[in-house]
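# Coordinates in review
Residues per chain, in single letters:
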Amino acid sequence: MNKTIETDVLIIGSGPAGYTAAIYAARANLKPHLVSGLEPGGQLTITTDVENYPGFGDIIQGPWLMEQMKEQALKVGTEFHHDIVKKVDFDINPFIAETDSGLKFNSKSIIIATGAQARWLNIESENKFKGFGISACATCDGFFFKDQNIIVVGGGNSAVEEALYLTNFASKVTLVHRRDKLRAEKILQERLFKHPKIELIWDHTVDEFIGSEEPLSLNKIKLKNTKNNNEKIIDATGAFIAIGHDPSTSLFKDKIKMDNENYIITKSDSTETNIKGVFAAGDVKDKVFRQAVTAAGMGCMAALEAEKFIAENY
Ligand code: NAP
């Protein structure tokens, strides 16, 4: 399908930042187009309980929240495309963006809201057992580990939330952390320490995943002590890696200013990038707060700034 679409605002990404930008841009009558990416809804679609997104007295589910945001964006007039942007050209305005399915956008402004992706340990045996005992998504795969011994690697909010969630299925969850202190919020730490099914192994990293060949399955994990290099092997048939995220910015490499960790740089108190008319919102530019509510706030800012840019330049 080769088709060219002229638009005021193109939003790339469909997490809280992208949908909020779409809601604000549509309500400003800018008739935005949103290209969702492969997994519409972003990281919240692989979370379960959300209890810190304001406006809900009861605990809500991440995927449900994203469906609601999408519905709201569509209702106010966003054009939604389940597609992937493959190429962008920021050298001329209107900017050009081309998608996998052959759509070409000529857009006066672009809002980048492509978010971030789970990070892996990047050891050889991890690749071997990915999908055969190793996962980065407890809500997607937890169910497969009923009554089994599993580990979670990491010490942040994600690791602790995943460990707690996985107790719904596993007989025992061991949290393996490379230091002797967690960076997760205190309230989550308290729940973790109190949980009878959870054990903690401090000051260790994973050295190797060990398992059987036929069928390919994980059954042991070699850990290394970060203080004295001693090794130990524990029994586990599952491992969930929850060690943070990397921004999804490869599409914009050498086209926009990024920091040394590939997060897009924006001006202070703004979503404006080094290219006038291109804005960035949410986890793709934020390595500090990384919350759904802060991403949504930035999406709002980006839409307001895009509106102002168009009013001043067209
Ligand atoms: P994070 O806060 O960056 O934590 C990553 C954890 O993984 C850290 O404990 C880190 O250890 C460890 N780690 C990193 N690389 C490692 C490696 N190669 N080997 C072993 N361990 C490694 O990431 P996150 O937990 O995914 O959270 C990301 C952001 O989302 C945070 O801002 C978090 O607050 C937010 N979040 C919020 C909620 C919520 O509010 N409900 C839920 C999930 C996430 P060190 O501690 O030693 O650095």
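Look up: the structure comes first, before these words.
Structural notes, computed from the coordinates. (Residues numbered from 1 in each chain as written. Predicted model: local features only at pLDDT ≥ 70, side-chain atom pairs only at ≥ 80, totals over all residues. Heavy atoms only, no water.)

## Examining the site of the ligand
- Near the ligand there are 20 residues, and of these Asn-52, Ser-158, Glu-161, Arg-179 and Arg-183 occur at the shortest range.
- Relative to its unbound accessible area of 910 Å², the ligand is 81% covered by the protein chains.
- Per-element accounting of the shell around the ligand gives the leading share, 3 residues, to helix α5 (residues 157-166).
- Taken together, the residues of the shell around the ligand break down into 4 nonpolar, 10 polar and 6 charged. (Near = heavy atom within 4 Å. Areas by Shrake-Rupley, 256 points an atom, 1.4 Å probe, with all protein chains shown as cover. Helix = DSSP H or I, 4+ residues; strand = E, 2+ residues; numbered from the N terminus. Nonpolar A, V, L, I, M, F, W, Y, C, P; charged D, E, K, R; others polar.)

## So, the sheet that holds strand β17 (residues 238-241)
- The strand order across the open sheet built from 5 strands is β10-β17-β11-β12-β13, with neighbouring strands paired in parallel fashion. Of all strands in the sheet, those with a lone pairing partner are β10 (134-135) and β13 (198-201), marking the two edges.
- By the bridge criterion, 4 bridges tie strand β12 (residues 172-176) to β13 in an arrangement that is parallel. By the bridge assignment, Val-176 is partnered in β13 with Ile-201. (Pairing = 2+ DSSP bridges.)

## Some thoughts on the environment of Phe-105
- In this structure, Phe-105 sits in strand β8 (residues 103-112).
- Using a relative accessible area of 0% as the deciding quantity, one classes Phe-105 as buried.
- Note: C-alpha distance between Phe-105 and Leu-10 (95 residues apart in sequence) is 7.7 Å.
- Discounting residues that sit within four places of it in the chain, Phe-105 has contacts with Ile-5, Thr-7, Leu-10, His-33, Val-35, His-81, Phe-95, Ile-96, Ala-97 and Thr-99. (Buried < 20%, exposed > 50% of the residue type's maximum accessible area, 1.4 Å probe, protein only. Contact = heavy atoms within 4.5 Å.)

## Here we look at α5
- With 7 of 10 residues buried, α5 is to be regarded as a mostly interior element.
- For α5, the set of buried residues is Ala-159, Val-160, Glu-162, Ala-163, Leu-164, Tyr-165 and Leu-166.
- Residues of α5 that are buried sit in contact with α4 (138-141), β11 (149-153), β12, α6 (186-194), β13 and β17.

## What to know about the pairing of strand β14 (residues 204-212)
- Across 8 bridges, the pairing between β14 and strand β15 (residues 217-225) is antiparallel. Bridging across to β15, Thr-205 finds its partner in Lys-224.

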